[in-house]
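Examination of the molecular architecture
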Amino acid sequence: MSKMNNINYVDIVCGLAWGDEAKGKIVSQLAKSGKYDYVCRWAGGNNAGHTIYIDGKKYKTHLIPSGVFYGVKSIIGPECVVNKEYFYKEIEYLKSNDFDTSLVKISPKAHIVSSSHIKEDEEKYFKQQGTTAKGIAPCYRDKYGRVGDRVGDHSNNNDFQQYIWNEKLEGNILCEGAQGFWLDINYGNYPFVTSSSTLPYSACSLGFSPKLINNIYGACKIYDTRSGFDPDFPEELLENHELSLIAKEGKEYGTTTGRKRKVNYLNIFKLCQSINISGTTHLIISKI
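The following paragraphs examine the structure supplied in this document. Residue positions are given per chain, counting from 1 as you read along its sequence in written order. Where local features are concerned, this predicted model is filtered to residues with pLDDT of at least 70; where side-chain atom pairs are given and counted, the filter is 80 or more; whole-chain, interface and lining totals use all residues. Based on all heavy atoms of the structure, the side-chain values leave hydrogens and waters out of the count.

Quick word on the packing of aromatic side chains
Basically, it comes down to this: Only centres within 6.5 Å qualify two rings of Phe, Tyr or Trp (six-membered ring in Trp) as a pair; their planes then separate them into stacked at under 30 degrees, edge-to-face at over 60, and tilted for everything else. In this text, helices come from DSSP runs of H or I with a minimum length of four residues, and strands from runs of E with a minimum of two, each type numbered from the N-terminal end. Here's how the labels work: a residue is buried when its accessible area is under 20% of the maximum for its type, exposed when over 50%, partly exposed in between, all with a 1.4 Å probe on protein chains only. The criterion is that NZ of a Lys, or CZ of an Arg, lies within 6 Å of the ring centre and within 35 degrees of the ring normal, and then a charge sits over that ring.
Counted by the stated rule, this structure contains 12 aromatic pairs. Relative to Phe 99, the ring of Tyr 59 has its centre 5.1 Å away and its plane inclined at 85 degrees; by these criteria the two rings are edge-to-face. Of this pair, Tyr 59 sits in strand β4 (residues 57–61) while Phe 99 sits in the loop between α2 (84–96) and β7 (104–106); the two residues are 40 residues apart in sequence, bridging distant segments of the chain. There is no split in this pair, since Tyr 59 and Phe 99 are both buried. With centroids separated by 4.8 Å and ring planes inclined at 70 degrees, the aromatic side chains of Phe 181 and Trp 182 adopt a geometry described as edge-to-face. Trp 182 sits in the buried class, given a relative accessible area of 7%. Here the guanidinium or amino end of Lys 270 rests over the ring plane of Trp 182, the centre of that ring lying 3.9 Å away.

Considering the environment of Ile 64
Definition in use: Contacts are residue-level and defined by heavy atoms, with any inter-residue pair within 4.5 Å sufficient.
Mapping Ile 64 onto the fold places it in the loop between β4 and β5 (73–76). Classification of Ile 64 by relative accessible area gives buried; the value is 1%. Through-space distance from the C-alpha of Ile 64 to that of Ile 106 is 9.2 Å; in sequence the pair is 42 residues apart. In this structure Ile 64 touches Ile 76, Phe 87, Glu 90, Ile 91, Leu 94, Val 104 and Glu 176, once residues within four positions along its chain are discounted.

A few points about the sheet that holds strand β10 (residues 213–221)
Going by this rule: At least two DSSP bridges between two strands are required for those strands to pair. Angles shown run from 0 to 180 degrees and are taken between the N-to-C directions of axes, each axis being a line fitted to C-alpha atoms and, for helices, limited to the stretch in contact.
Ordered in space as β7-β5-β2-β9-β1-β10-β13, the seven strands form an open sheet in which the pairing is parallel. Each edge of the open sheet is held by one strand with a lone partner, namely β7 and β13 (282–286). Each strand of the sheet is rotated relative to its neighbour by a mean of 20 degrees, with strand direction disregarded. Across five bridges, the pairing between strand β1 (residues 7–15) and β10 is parallel. Paired with Cys 14 across the bridge in β10 is Gly 218.

Quick notes on the packing of helix α3 (residues 115–129) against helix α4 (residues 136–144)
The axes of two packed helices give the description: the angle between them and the distance between them. The criterion, for reference: Ten residues, namely Ala, Val, Leu, Ile, Met, Phe, Trp, Tyr, Cys and Pro, are considered nonpolar, four, namely Asp, Glu, Lys and Arg, are considered charged, and the remaining ones, Gly among them, are considered polar.
For the pair α3 and α4, the least separation of the axes is 7 Å and the interaxial angle reads 115 degrees. Each of His 117, Glu 120, Asp 121 and Tyr 125 in α3 lies in contact with α4, whose residues at this interface are Ile 136, Pro 138, Cys 139, Arg 141 and Asp 142. Residue composition of the contact of α3 with α4, by class: four nonpolar, one polar and four charged.

What to know about the pattern of salt bridges
To be explicit about the condition: The term salt bridge refers to a pairing of a side-chain nitrogen on Lys or Arg with a carboxyl oxygen on Asp or Glu at a separation within 4 Å.
Enumeration over the complete set of coordinates arrives at 14 salt bridges. Across the salt bridge formed by Lys 23 and Glu 21, the nearest N and O atoms sit 2.7 Å from each other. Of the charged contacts, one joins Arg 141 and Asp 142 as a salt bridge, the two residues approaching to 3.2 Å between their closest N and O atoms. Judged by relative accessible area, Arg 141 falls into the partly exposed class, the value being 40%. Owing to a relative accessible area of 17%, Asp 142 belongs among the buried residues under this scheme. Among the charged side chains, a salt-bridge network with shared partners connects Asp 20, Lys 221, Glu 252, Arg 261 and Lys 287.

Right under this line is the structure:
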């Protein structure tokens, strides 16, 4: 039986903690290996962030997958949400740094974050739940309420026309996770979670069978960090002298928000849980 869309295999990079686990650096190492035909993002919006270093120069993306830095087709999947203004800002940023933005494609099924979504997030969720105020939660609510606005609906008036993905994958696929396991809408400390599923199997929303998954690279740090509000990471952690030294040494500031991250000692029980449930085959621990 032939494989769907002629895919050979899929590798996935996922976070095993609360985000900020150096997934971007891992994706960067894998993407530049030349093994992959596509790098795909499966969830979230510009509430995430990846920092990439190429020849000593730092680059940041928040929505567009990291494959674009290495000449690999980069797909924003159907389970993602897209802020049009921010997407084009990121496209211009990549162009100004001489990267080929024709490699970037968006699923027509991805939903659009509107200005009203952002305003609602700022007024309701930013202070109460420590969101990034990017409009992500209201956008997902409208998606599942079946009143959302999709990228494909705008292709006729040229909003996204040149970036619409034909929804076909082939060859070797690398999927790039956003956020981390304990921010998952189901497994995190609800309601202090993100609005999508961060588990690697959600990458199948891109249109491939789970039977094609080969390696799952699970990322964590030697200590735990958390951006935003969460009762499991109380404010007192910011006042702990030893943890503050770790935060300073580890440069623990959010890629997307610039917020200082709360640092705590590694919760080995939670790490074992996230490794086992995610099906991690390769554990990568940073900042040892």
